[in-house]
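# Descriptive analysis of the structure
Each chain, written out:
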Amino acid sequence: MSTLSWNCRGLGNPQTVREIEGMVARKKPDFVFLIETKVNRDHAERLRIKLGFDGLFYVDNNGLSGGLALLWRANNTARLISYSDNHVDIEVSIPGFDKWRMTGFYGFSKRPQRGESWDLIRSLANKSDLPWVMIGDFNDLLFQYEKRGGNPHPDSLLRGFGETLEDCGLMQLPMSGYPFTWEKGKGTPDWIEERLDKVLATQSWRDLVVDASVQNILTRKSDHSALFLGILNLRERRDGLRRGFRFEMAWLHDDGCRDVVERAWGEGRTRGLQGCISVCGERLTRWGGDRFLKFGEQIMALRKEQLRFRGCTDQTSLAEFRRLEECLTRIELQEDTYWRQRAKQHWLKDADANTKFYHRYASHRKKKNTVPRIMNDGGDWIEGVPMMNVILNYYRDIFTTNSPTVNVEFFENIQPRVTDAQNMQLLRPFEDSEVKAALFSMYPDKAPGPDGMNPGFYQHFWDVVGNDVTSYIVNCLNTRTLPASLNDTNIILIPKKKNPERVSDYRPIALSNVVYRIMAKVITAQMKPLMGSIISDSQSAFIADRLITDNILIAAEVGHYLNRKQCGLAGWGALKLDMAKAYDRME
């Protein structure tokens, strides 16, 4: 099930209608909510028939402004609750889910009327206890970073809209794609962009529809983008879980890779560092394709071609034989690098080339990290898609605090361990050299984050990307700002034992983007010299010159003492406690 929402600025333009038809054909939504249709019901009815939808609810336009249209693909999926010139509220019935509410919303565009929009949202919140989601053009912002260009958005409006959502228990769902949904003065020095279109939902709706995602679809004929709210079914989920872009270390052995990176990085420079990375990933995907996955075919073809020149001693044949030999050497190196990257056997040296060894390790690693089924709290085995709810509920439970109040007296009794001199050292500005040192201390082949770039990409092309990466990171650290999506993270579950059964038998590993990791390592490097004097001596792990094996030796000595003690009035005992690790609970 999915919903498409768009402030189309009028259905009277045939090009706008064609653009709607194109979006519906690509996305195949179950509901379409159109804002500012500016035409009578007959136009909307003709569009419904063109799109092949069963239902239409239309709110008439007021002259050359206004007009709302809600279309649904199948009958018996929507029941009207209420409507006005600014909203259409329905009850949604989808197989496989409990009933919920969906409201298509259009906020007042004039600032003096924003209070009326907020009052309308509050009144809608009291109409039903069903899980609730709102989608549309709210003409409001929640944060200053939701606007680029022009004067800052008034704090009173930010505060008023935010308080309204808080009172109604609504939260903004994250959006993928371009961060702004409305623009004015495109291509001019007065270009302004804002995120006016949003999807808001209550916590009960997010718990019910755990796979919901919001995508921003840029359009041509309107100053507003379209929003696509997707609720993945089984087929869509498999498509969505396909492997995204990953930088292949094998590409580094091809001369064409550098040309692609240099051109793509230059093109994306106007969009900032994250834009450079995105453009570079797209170009490398298009350039690399599947040709780096067919090593066996290429090697066999080259060897067959090379056989024709064996025994030939003329200069032309010898030159061609040497060229083919160089090609074979390069492709074999690429194949070895490809499987080494998947096997993650970093302890082997470059000279220990053994593709079959890597292949076996990669296959074993993939099998070990696959989660075929999992046991829930009731002892039942769960397979397939329902496993996601079991996993999410487990981590939602352990990462929710049981005592939200803070004991202020506890913190008042803690004595500071950081001196003024140490604090000055921690507060000093970060330097460019620290960024490069942090990056080159990483293993090149470490797993990448959501953007697909591993440390080896930045290290190999440092002469191309180094200045942009360094200035970006130093600016973020010194200004203490964290741009949106920089800390996006993939969470991977790694089994703790041979035959894991429950979620607790897996260890969550966070794979963040390399740029974010560099920032963390730079900060860590600045703090590292102070850790020995701040952390208690009883903490024997993760601190320089301390070994966790000291604890093993102490435990062995205690056991040895207890075994040898056979007399005396004073008794001794050892207590073995099985405690959850510190990161397994919020407290």
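Residues numbered from 1 in each chain as written. Predicted model: local features only at pLDDT ≥ 70, side-chain atom pairs only at ≥ 80, totals over all residues. Heavy atoms only, no water.

### Description of the overall build of the protein chain
What the protein chain contains, in helices and strands, is 19 helices and 20 strands. Here the protein chain, with 587 residues, has 40% of them falling under the buried criterion. Looking at the protein chain alone, contacts between residues at least 24 apart form 62% of all its contacts between residues at least 6 apart. (Helix = DSSP H or I, 4+ residues; strand = E, 2+ residues; numbered from the N terminus. Buried < 20%, exposed > 50% of the residue type's maximum accessible area, 1.4 Å probe, protein only. Contact = heavy atoms within 4.5 Å.)

### Description of a nonpolar patch on the surface
Together, Phe410, Phe411 and Ile414 give the surface a local cluster of nonpolar side chains, amounting to about 330 Å² of exposed area. Secondary-structure assignment places Phe410 in helix H13 (residues 408–412). (Patch = residues over 30% accessible without salt bridge, like charges linked within 9 Å, V, L, I, M, F, W, Y side chains within 5 Å. Areas by Shrake-Rupley, 256 points an atom, 1.4 Å probe, with all protein chains shown as cover. Salt bridge = Lys/Arg side-chain N within 4 Å of Asp/Glu carboxyl O.)

### Here we look at the nonpolar core
Among the nonpolar cores identified, the biggest contains 41 residues, and Phe247, Leu284, Phe457 and Tyr458 are the most heavily contacted of them. Contributing elements (two or more residues each) for this core: helix H7 (256–268), helix H8 (272–288), helix H15 (432–440), helix H16 (455–460), helix H17 (462–479) and helix H18 (514–534). Among the elements that take part in this core, H17 stands out by supplying nine residues, more than any other. By size, the runner-up hydrophobic cluster in this structure holds 28 residues, among which are Leu68, Val88, Ile94 and Met175. (Core = buried A, V, L, I, M, F, W, Y, C linked by side-chain atoms within 4.5 Å.)

### Considering helix H1 (residues 14–27)
Compared with the 20 Å implied by 1.5 Å per residue over 14 residues, the 20 Å span of H1 between its first and last C-alpha is a close match. For H1, every residue scored as buried is listed here: Thr16, Val17, Glu19, Ile20, Met23 and Val24. Looking down the long axis of H1, one finds its buried residues gathered within 160 degrees of arc, a one-sided arrangement. Seen from the buried face of H1, the exposed residues on the opposite side, beyond 90 degrees, are Pro14, Arg18 and Arg26. (Expected span 1.5 Å × (residues − 1). Arc of directions from axis to C-beta.)

### A word on the packing of aromatic side chains
Across all of its chains, the model carries 15 aromatic pairs by this definition. Measuring from ring centre to ring centre gives 6.0 Å for Phe440 and Trp462, while their planes differ by 85 degrees; the resulting arrangement is edge-to-face. Here the residue Phe440 occupies a position in helix H15, and Trp462 occupies one in helix H17, the gap between them amounting to 22 residues. Owing to a relative accessible area of 38%, Phe440 belongs among the partly exposed residues under this scheme. Ring centres 5.5 Å apart and planes at 55 degrees place the aromatic pair Phe457 and Phe461 in the tilted group. Grouping residues by exposure puts Phe457 and Phe461 together as buried. Ring-pair connections join several aromatic residues into one group, and the members of that group are Phe245, Phe247, Trp251, Trp265, Trp287, Phe457, Tyr458 and Phe461. Directly above the aromatic system of Phe228 lies the positively charged group of Lys27, at a separation of 5.1 Å from the ring centroid. The lysine or arginine in question, Lys436, covers the ring of Phe440, its NZ or CZ lying 5.7 Å from the ring centre. (Phe/Tyr/Trp six-rings, centres within 6.5 Å; stacked < 30°, edge-to-face > 60°. Lys NZ or Arg CZ within 6 Å of the ring centre and 35° of its normal.)

### A word on the sheet that holds strand S6 (residues 87–92)
Here we have six strands laid out as an open sheet, ordered S5-S6-S7-S8-S14-S10, and mixed in their pairing. Looking at strand neighbours, the two that pair on one side only are strand S5 (78–84) and strand S10 (170–172), the edges of this open sheet. Averaged over all pairs of adjacent strands, the angle between their axes in this sheet comes to 20 degrees, without regard to strand direction. Note: strand S8 (residues 132–137) against strand S14 (residues 197–202), five bridges, orientation antiparallel. (Pairing = 2+ DSSP bridges. Axes fitted to C-alpha atoms, helices over the stretch in contact; angles between N-to-C directions.)

### Brief notes about the pairing of S14
Taking burial as the measure, the six residues of S14 include six buried ones, the bulk of the element. A two-sided burial pattern is seen for S14, the buried positions comprising Asp197, Val199 and Ala201 on one face and Lys198, Leu200 and Thr202 on the other. The sheet contact formed by S10 and S14 spans three bridges and is antiparallel. Note on S14: the bridge partner recorded for Leu170 is Thr202.

### Some words on the pattern of salt bridges
Tallying each qualifying case throughout the model produces 24 salt bridges. Across the salt bridge formed by Arg114 and Asp140, the nearest N and O atoms sit 3.3 Å from each other. One end of the pair, Arg114, is in helix H3 (residues 114–125); the other, Asp140, is in the loop between S8 and strand S9 (147–148), with 26 residues separating them in the sequence. Classification of Asp140 by relative accessible area gives buried; the value is 1%.

### Topic: helix H4 (residues 155–168)
When the terminal C-alpha atoms of H4 are compared, their 20 Å separation across 14 residues agrees well with the 20 Å that a helix rising 1.5 Å per residue should span. For H4, the full list of buried residues reads Leu157, Leu158, Gly160, Phe161, Thr164, Leu165 and Cys168. Where H4 is buried, its residues meet H3, S10 and S14. Once H4 finishes, Gly169 follows within two positions and takes phi at roughly 70 degrees, a positive value.

### Here's the deal with the packing of H7 against H17
In contact at an axis separation of 10 Å, H7 and H17 are set at 25 degrees when each is read in the N-to-C sense. Between H7 and H17, the angle falls in the class roughly parallel. Relative to H17, H7 is oriented so that their crossing is left-handed. Together, Arg258, Glu262 and Trp265 of H7 and Asp463, Val464, Val465 and Asp468 of H17 make up the contact between the two elements. Looking at the contact of H7 with H17, its residues break down into three nonpolar, no polar and four charged. (Parallel < 35°, antiparallel > 145°, perpendicular 65-115°, else oblique. Left-handed = near helix turned anticlockwise from the far one by under 90°. Nonpolar A, V, L, I, M, F, W, Y, C, P; charged D, E, K, R; others polar.)

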